[in-house]
Every structure is written in C-alpha cells, then in structure tokens.
Amino acid sequence: MSFVKAASSFSEGCSTAILRSSNGVLAVVCSVLVYEIIRHLRPNLGERKATLIAVVLAMYPLHWFFTFLYYTDVASLAAVLAMYLACLKKKYWFSALLGALAVVIRQTNIVWILFVCCSEVINITLAGQTDKIGVDTDFSVRKNSRPVPKNSVSNLRKRKVSSSADTEIHSMPASSVSSQSCTSGILNETKAIFQKLWHMKLEFVVSFSPFIMVFAAFVAFVRWNGSVVLGAKEAHAVSPHFAQIMYFGLFSVLAMAPMYCSFSQAAELFQSIWKNKSLGFFQITLALVAGFISIHFFSIAHPYLLADNRHYPFYLWRKVIKAHWSMKYLLVPLYVYSLLSIITRLGKVQRKIWVLAFFLATAAVLVPAPLIEFRYYTIPFFFLILHSHDNDYQSWLVTGLLYTTLNAFTMVMFLYRPFHWSHEPGTQRFIW
C-alpha cells in the first residue's frame, strides 16, 4: 500500500506542470548567474547596468521561449554558467562537478568545459603581461597589469586577482589595431602561455585535475557508447556542417542588432580594413571564398529541417535560403560581415587568443551538428554577449524592446495558431 502511495506521489510530482515549472526556476538561476558573472568580469560596472543586462538576457527569445517547455536548454545553460562562475572564483573542484552535470544534461557541453579551462589558463598565464588593446572610450577593458608574485603559483586554486588593479580603461582609436598586430598578438600570447604552462606544469596538473577526471570519464563514456550522442544516433550523426558558423554569426548579430547593425559599426569595420588596404582586402577575399565554399559544399539540409513545419528554421530555409538558387550565395557577404563585426568587437576587449578559443569552441559545438536549431546557439551567444562589454544603456533598452516584441509574437503563434497534421493525430504548435 505504501508503495502504491509513493508511486502516486512520484507521478504527481512529475506532472507536466511541475516539470515545466522547474525550467522557470532554472531561468531565474540563470539570471542570477549572469549578473554575478558580469560583476566578476567587470567590477567597475554599476549594479544598475549589470541588472539591466541580466534582465535583457533573460528575455533572449530562444532562452525565454524554452523556459516554458520541458527542454534541456535552460538546465544546460544554468549548469554551464554556474561552472564558469565557479571557475572564475577559483573553485575548481566545484566547477568540475558542475561541468560533469552539464555534460550529463547535454553531452556537447564537454566543449564548454574545455573552453572554460582554456579561458582560466589564459587568465592565469597572461596575468602579468602588459598587452595593448585598442578600444573606444565606451568600453571597459579587463586587463591584468601587475606582475604575478612568485609564491602565488604554488596554489592556483586560491589565487585572487584584485578587481581594482585588473580593470583599466584604455582610450585608443579602434583603427589602431591592424591585422598584423592581431596575428602577432596571437602568436606572442600563445608562446607566453606555453612557456608559463611548461614552467608551472605540476601546479597546473594538480589544480586542473578535477577537469582532467571529467574529461577522462567522458572519453570512457564515448568509447562505451560508441558516440557522443544518446538516443537517435543516426539522426544526429557527426557531419561537416561548416555553414553553421555562418548562420550563427548572422543570427547573433541580428540578436544584438542595436549594437551591431548601425552605420558607425560598419564604418568602424571599414576603417580597420582600410588601415592596411592590401592585407585587409586579402583577408576579406579569403573570408568570402571560405564563406562561399562553406555554403556550397558544407551546407546540410537535414531531413528534420525539410519535414518539420513546426519550427521557424523550416520556413526560413524554404522562404529565404531556398527562395532562389542564388539566394544562399547572396547571403554570404552578410555572413562574413557578421563574423568580422563580432571578431572586431571582441578583439577590442578580449585577448586575441581568447577570441580564437571562443570561435574554436563554437565551431566544435555547431559544425558537427547537421540540424539547424537556433537553440544550439544559446550558450555561445551568452558567452559572446558576456564578453563583448557593450555598455550603451540605450542599446540595451532597445534590445530589450526587440526581445519583448519577438517573445510576444512567438507566444501568440504558439498559443493561438495551432494546426494539425493529416498523417498524425494531435495538435501541433509553432516553436523555435
């Protein structure tokens, strides 16, 4: 009898309403984590502005919509953000535990564990470098300008970096950063990182041992499972879908339209190219060629994308990309502009090696995915926006208004425009 009551209570506790409400709680947790990460990365930023950014990101359409459905996206984002915050606070064991939880929720999160580790290694090894980063006066640059004490390397887990000493503002025209300095910056930073790693190899192995154990467990799981994917392995087979990076760039720029889609942003990008015409135009040409190759040879139309008319990508694919045979090629300049805009803005406020690590991590998550799902972009988008250091109050208000409008539209379509399939019973609804 007690067993029957326990089963009944468990069934009630796992009702649809309860399960969906868990995502609502996790969404609040995500907002708190975003606020804490912003305050940690940018201690000079006021509480009011940090709160505004956290609220606006809570309304990010892909994140907001799936808060009300029982998908793993919100839980996955919460676990990754919590892992990142714990790592920033040097709590490596707790961070690795949260990373393991993130991998259990979604297996591709192993990439974000690696990225968080790389980011922390960059912060530690380059802490004493006095690099020069060209930024506008509207940006706050987090830079370590003091030498690392020799006795600090003995225990990396307890290292604390002074917020006031680590945050400085550098006023320099954006055009002062050329492509040559970017390339040399990456090489110099990479060399400095490996030199420091070799010098402190034992300390790093001990400090990052929790993450090493998570990686080892994941490798064992992949070998046992035969794949990274659980469930329908055939439908999610690894594919060289390089066009995903193009889609992510354009989608992210549109999601941050008030910051990126402006004449000043376009003029700024043009000036950075014009500073060194020959090298700049060579890189633009190379980017366009790579974009055309990615779209022509590595653009995948997954069977789910072509058949499932509940998702908005189905209509974007049919009505935009496949509207004419030339349309997918005409969009390439927009893809390239979007990616270059993101790289240019990130390059102002982050180390060049960090920007490279971010795009490699994003590619590692998105390129193997054959299906175009905008919700796959959520975690890289949050990392992008958290490290872009966009301070303009008005732009964030406009972005919040844009998100609210999109959320209202998608909710109206979901609630009041249901439809039915002739080959399958039940009510279907429009979702992202």
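To keep things clear, this report deals only with the structure shown in the data block. What you see is a predicted model, and the numbers here were worked out from it, not measured in a lab. (Residues numbered from 1 in each chain as written. Predicted model: local features only at pLDDT ≥ 70, side-chain atom pairs only at ≥ 80, totals over all residues. Heavy atoms only, no water.)

Overview of the pairing of strand S4 (residues 424-428)
Next, step 1: As paired elements, strand S3 (residues 419-421) and S4 share three bridges and run antiparallel to each other. Bridging across to S4, phenylalanine 419 finds its partner in glutamine 428. (Pairing = 2+ DSSP bridges. Helix = DSSP H or I, 4+ residues; strand = E, 2+ residues; numbered from the N terminus.)

Remarks on the pattern of salt bridges
Next, step 1: Summed over all chains, the structure comprises six salt bridges.
Next, step 2: Two residues, arginine 375 and aspartate 73, come together in a salt bridge whose shortest N-O distance is 3.0 Å. Of the two residues, arginine 375 is situated in the loop between helix H20 (352-366) and helix H21 (378-386) and aspartate 73 in helix H5 (residues 73-88); the sequence distance between them amounts to 302 residues.
Next, step 3: By relative accessible area, arginine 375 is classed as buried at 14%.
Next, step 4: The shortest N-O distance in the salt bridge between arginine 345 and aspartate 390 comes to 2.2 Å. With arginine 345 in helix H19 (residues 332-349) and aspartate 390 in the loop between H21 and helix H22 (393-416), the pair connects residues that are 45 residues apart, well separated along the chain. With respect to burial, arginine 345 and aspartate 390 carry one shared label: buried.
Next, step 5: One network of salt bridges, in which partners are shared, links Asp73, Arg106, Glu373 and Arg375. (Salt bridge = Lys/Arg side-chain N within 4 Å of Asp/Glu carboxyl O. Buried < 20%, exposed > 50% of the residue type's maximum accessible area, 1.4 Å probe, protein only.)

With respect to the environment of glycine 99
Next, step 1: Relative to the assigned elements, glycine 99 resides in helix H6 (residues 92-105).
Next, step 2: Sequence separation between glycine 99 and proline 210 is 111 residues; the distance between their C-alpha atoms is 9.9 Å.
Next, step 3: The contacts of glycine 99, once residues within four sequence positions are left out, are Met83 and Ile113. (Contact = heavy atoms within 4.5 Å.)

Re the layout of surface pockets
Next, step 1: Roughly 960 Å³ of volume is contained in the second largest pocket.
Next, step 2: Around the second largest pocket, the lining comprises 44 residues; the ones closest to its centre are Arg106, Thr108, His236, Ala369 and Tyr376.
Next, step 3: Listing elements by their share of the lining of the second largest pocket, those giving two or more residues are helix H4 (61-65), H5, helix H7 (110-125), helix H16 (303-307), helix H17 (312-321), H20 and H21.
Next, step 4: With four residues, the single largest contributor to the lining of the second largest pocket is H5.
Next, step 5: When its residues are assigned to classes, the lining of the second largest pocket shows 30 nonpolar, nine polar and five charged. (1 Å grid on protein atoms, 1.4 Å probe; cavity = no way out; pocket = protein on both sides within 12 Å on 5 of 7 lines; lining within 4 Å. Points joined across faces, edges and corners; volume = space filled by probe spheres on them. Nonpolar A, V, L, I, M, F, W, Y, C, P; charged D, E, K, R; others polar.)

A short note on the packing of H5 against H7
A packed helix pair is summarised by two numbers, namely the angle formed by the two axes and the spacing between the axes.
Next, step 1: Running from N to C, H5 and H7 point in directions that differ by 20°, and their axes come no closer than 10 Å. Taken together, H5 and H7 sit at an angle that is classed as roughly parallel. Here H5 runs over H7; the crossing is right-handed. Taking contact as the criterion, the partners of Val80, Met83, Tyr84, Cys87 and Leu88 in H5 are, on H7, Trp112, Ile113, Val116, Ser119, Glu120 and Asn123.
Next, step 2: Counted by class, the contact of H5 with H7 contains eight nonpolar, two polar and one charged residues. (Axes fitted to C-alpha atoms, helices over the stretch in contact; angles between N-to-C directions. Parallel < 35°, antiparallel > 145°, perpendicular 65-115°, else oblique. Left-handed = near helix turned anticlockwise from the far one by under 90°.)

By themselves, these figures tell us nothing about what the structure is for.
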